[in-house]
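Below are the chains, spelled out letter by letter.
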Amino acid sequence: MDPITYTTDLTHDDWQEMKSTLAADDFDNGRTPDQLRQSFANSYVAVVAYDGPRIVGTARALADGVCNAYVVDVWTLSSHRRRGIATRMMSLLLSRLDGHHVYLFSDDRADFYKTLGFEPQPEGLSKVVGQWLRPRT
Ligand SMILES: CC(C)(COP(=O)(O)OP(=O)(O)OC[C@H]1O[C@@H](n2cnc3c(N)ncnc32)[C@H](O)[C@@H]1OP(=O)(O)O)[C@@H](O)C(=O)NCCC(=O)NCCS
């Protein structure tokens with residue numbers, strides 16, 4: 001079994017492959033390959049995990065560099081779960097977020113985040129502004 005490698009340098013990532021892999025693993029939220037590229041490029045820090053040449057995990061954080069951050073797109077390929085990959089990706093993100101209050105939202109994976117010291121919050125609110133994924137003009 002190949003060792004898993006992790007990179008925060010996403011300059012050469014294949015966004016079409018990421019889109020296809022996410023879709024095949026039922027974790028596609030509708031972004032085009034170029035929208036995926038923009039999402040990751042505009043993040044404060046992002047990480048992609050590879051098994052050989054194959055993308056097997058993603059995680060990224062939006063942050064102000066001072067006090068507030070928000071973690072999104074945490075995903076490990078189904079065939080590779082429970083091997084510590086998401087834990088390592090989160091560790092790489094958090095190592096760049098010293099001093100930040102880090103928020104995230106989870107439908108049904110709170111158990112994973114609790115292993116990293118995250119605590120449930122009393123209430124979360126959200127809103128989509130305009131149309132979800134509205135193309136930029
Ligand atoms: C949540 C997710 C990212 C975890 O990825 P992972 O690489 O399997 O996580 P890890 O191997 O680092 O798990 C570390 C620990 O978290 C806990 N954990 C992880 N997945 C869990 C699950 N499904 N149920 C309960 N505990 C879980 C376990 O304590 C685990 O340690 P263990 O395997 O020694 O018991 C992965 O299940 C996933 O991609 N799910 C679908 C996408 C998703 O829901 N992402 C989160 C969006 S907020």
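The structure under discussion appears in the preceding block.
The paragraphs below set out a description of the structure included in this document.

**Section: the overall build of the protein chain**
The number of helices and strands found in the protein chain is four helices and five strands. Reading the protein chain from its N end, one meets helices and strands in the order β-α-α-β-β-β-α-β-α. At 15 Å, the protein chain has a C-alpha radius of gyration in line with the 14 Å of a compact globule built from 137 residues. Judged by the C-alpha coordinates and their principal axes, the protein chain covers about 40 × 40 × 25 Å. Relative to its full complement of 137 residues, the protein chain shows a buried share of 36%. As displayed, the protein chain has an accessible area near 9000 Å², and 50% of this comes from carbon and sulfur atoms. The average position of the 15 basic charges and that of the 18 acidic charges among the side chains of the protein chain differ by 2 Å.

**Digging into helix α2 (residues 33-41)**
Because an α-helix completes one turn every 3.6 residues, residues spaced three or four positions apart along the sequence face the same direction. Every buried residue belonging to α2 is among Gln-35, Leu-36, Ser-39 and Phe-40, and all of these are buried. Projected onto a plane normal to the axis of α2, the buried residues spread over an arc of 135 degrees and lie on a single side. On its buried side, α2 packs onto α1 (15-24), β2 (45-51), β3 (54-63) and β4 (68-76).

**Observations regarding the packing of α1 against α2**
Taken N-terminus to C-terminus, the directions of α1 and α2 make an angle of 105 degrees; their axes are 8 Å apart at the nearest point. In terms of orientation, α1 and α2 fall into the roughly perpendicular class. Together, Trp-15, Gln-16, Met-18, Lys-19 and Leu-22 of α1 and Pro-33, Leu-36, Arg-37 and Phe-40 of α2 make up the contact between the two elements. Residues that form the contact of α1 with α2 fall into these classes: six nonpolar, one polar and two charged.

**Let's talk about the packing of aromatic side chains**
The tally for this structure, following the rule as stated, stands at three aromatic pairs. Seen from their ring centres, Tyr-113 and Phe-118 are 6.1 Å apart, and the 75 degrees between their planes marks the pair as edge-to-face. Given the relative accessible area of 9%, Tyr-113 is considered buried. A residue is classified by how much of its surface remains accessible, and Phe-118, at 17% relative accessible area, is buried. Pairwise contacts between aromatic rings join Phe-112, Tyr-113 and Phe-118 into one cluster. Sitting over the face of the ring of Phe-40, Arg-60 holds its NZ or CZ atom 5.5 Å from the ring centroid.

**What about the pattern of salt bridges?**
Summed over all chains, the structure comprises six salt bridges. One salt bridge connects Asp-73 with Arg-60, and the closest N-O pair in it is separated by 2.6 Å. Placement of the pair is Asp-73 in strand β4 and Arg-60 in strand β3, with a sequence separation of 13 residues. Of the residues examined, Asp-73 reaches a relative accessible area of 15% and is grouped as buried. Asp-108 is the partner of Arg-109 in a salt bridge, and the nearest nitrogen-oxygen pair spans 3.6 Å. The exposed category is assigned to Asp-108, whose relative accessible area is 56%. A single network of salt bridges, built from pairs that share partners, joins Arg-31, Arg-60 and Asp-73.

What counts and what doesn't
Residues numbered from 1 in each chain as written. Predicted model: local features only at pLDDT ≥ 70, side-chain atom pairs only at ≥ 80, totals over all residues. Heavy atoms only, no water. Helix = DSSP H or I, 4+ residues; strand = E, 2+ residues; numbered from the N terminus. Rg over C-alpha atoms; globule rule 2.2 N^0.38 Å. Buried < 20%, exposed > 50% of the residue type's maximum accessible area, 1.4 Å probe, protein only. Areas by Shrake-Rupley, 256 points an atom, 1.4 Å probe, with all protein chains shown as cover. Lys, Arg positive; Asp, Glu negative; His and termini not counted. Charge placed at Lys NZ, Arg CZ, Asp CG, Glu CD. Arc of directions from axis to C-beta. Contact = heavy atoms within 4.5 Å. Axes fitted to C-alpha atoms, helices over the stretch in contact; angles between N-to-C directions. Parallel < 35°, antiparallel > 145°, perpendicular 65-115°, else oblique. Nonpolar A, V, L, I, M, F, W, Y, C, P; charged D, E, K, R; others polar. Phe/Tyr/Trp six-rings, centres within 6.5 Å; stacked < 30°, edge-to-face > 60°. Lys NZ or Arg CZ within 6 Å of the ring centre and 35° of its normal. Salt bridge = Lys/Arg side-chain N within 4 Å of Asp/Glu carboxyl O.

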